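# Descriptive analysis of the structure
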Amino acid sequence: MFTHAVLFEIKAKEIKAYCKDCKMWAGYAKKAKGFIRYLTVKRLEYKNQYASVYEWNSKQDHGRFMKKFHDWLVSKSKAKVKVIGYYNLKVIDEIR
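To keep things clear, this report deals only with the structure shown in the data block. From a predicted model like this one, the values you see are computed outputs, not experimental measurements. (Residues numbered from 1 in each chain as written. Predicted model: local features only at pLDDT ≥ 70, side-chain atom pairs only at ≥ 80, totals over all residues. Heavy atoms only, no water.)

Further remarks concern the pattern of salt bridges. Side chains that differ in charge, positive against negative, can pair when their charged atoms come close. Applying the stated criterion across every chain, the model contains 3 salt bridges. In this structure, R64 and D61 form a salt bridge, with 2.3 Å as the shortest nitrogen-oxygen distance. Of this pair, R64 and D61 both sit in helix α2 (residues 59-76), separated by 3 residues, roughly a single helical turn. Its relative accessible area of 44% is what places R64 among the partly exposed residues. (Salt bridge = Lys/Arg side-chain N within 4 Å of Asp/Glu carboxyl O. Helix = DSSP H or I, 4+ residues; strand = E, 2+ residues; numbered from the N terminus. Buried < 20%, exposed > 50% of the residue type's maximum accessible area, 1.4 Å probe, protein only.)

Okay, here's the thing in structure tokens:
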């Protein structure tokens, strides 16, 4: 499993638009091959920090989605956000 997370700084007045943008992005991701799930999370104990987290079957599945949709979805997004960091993570062990 491959996880891609983007950490953002988002002002309070932009949260509603950010959540709407996230639903748009996730809607397209949901239709893509290899998509597992999407999460919007708030970073605790940090003011105005939120992350968009995507889980994919593989890095290649994520890459295909990003190549096809990233720039277009950025152009359609309404929220003003500041990217703090991008994180690509690979699961090496899992317990359920």
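Overall, antiparallel pairing links the 4 strands, which are arranged β2-β3-β1-β4 in an open sheet. Both outer strands of the open sheet, β2 (35-42) and β4 (82-90), are each paired with one neighbouring strand and no more. Pairwise comparison of adjacent strand axes, ignoring direction, gives a mean angle of 15° for this sheet. Inspection of the sheet shows strand β1 (residues 2-9) paired to strand β3 (residues 49-56) by 8 bridges, in the antiparallel sense. In the strand pairing of β3, A5 is matched with V53. Where helix α1 (residues 15-30) meets the sheet, it contacts β1, β2 and β3, and its direction lies at approximately 5° from that of β3. (Pairing = 2+ DSSP bridges. Axes fitted to C-alpha atoms, helices over the stretch in contact; angles between N-to-C directions. Contact = heavy atoms within 4.5 Å.)

This part takes up α2. Over its 18 residues, α2 runs 24 Å from end to end, which matches the ideal 26 Å to within 8%, given 1.5 Å per residue. Considering only its buried residues, α2 is in contact with β1, α1 and β3. (Expected span 1.5 Å × (residues − 1).)

Our focus in this paragraph is the layout of surface pockets. A volume near 400 Å³ is recorded for the largest pocket. Lining the largest pocket are 21 residues, with F8, W25, V74, S77 and V81 sitting closest to its centre. Contributions of two or more residues to the lining of the largest pocket are made by β1, α1, β3, α2 and β4. Residues of the lining of the largest pocket, tallied by class, amount to 15 nonpolar, 5 polar and 1 charged. (1 Å grid on protein atoms, 1.4 Å probe; cavity = no way out; pocket = protein on both sides within 12 Å on 5 of 7 lines; lining within 4 Å. Points joined across faces, edges and corners; volume = space filled by probe spheres on them. Nonpolar A, V, L, I, M, F, W, Y, C, P; charged D, E, K, R; others polar.)

Time to look at the packing of α1 against α2. The geometry of α1 relative to α2 is characterised by a closest axis approach of 11 Å and an angle of 160° between their N-to-C directions. When the axis of α1 is compared with that of α2, the two are roughly antiparallel. Remark: the crossing between α1 and α2 carries right-handed chirality. Facing α1, whose interface residues are M24, W25, Y28 and A29, α2 presents F65, F69, H70, W72, L73, V74 and K76. Grouping the amino acids of the contact of α1 with α2 by side-chain chemistry returns 9 nonpolar, 1 polar and 1 charged. (Parallel < 35°, antiparallel > 145°, perpendicular 65-115°, else oblique. Left-handed = near helix turned anticlockwise from the far one by under 90°.)

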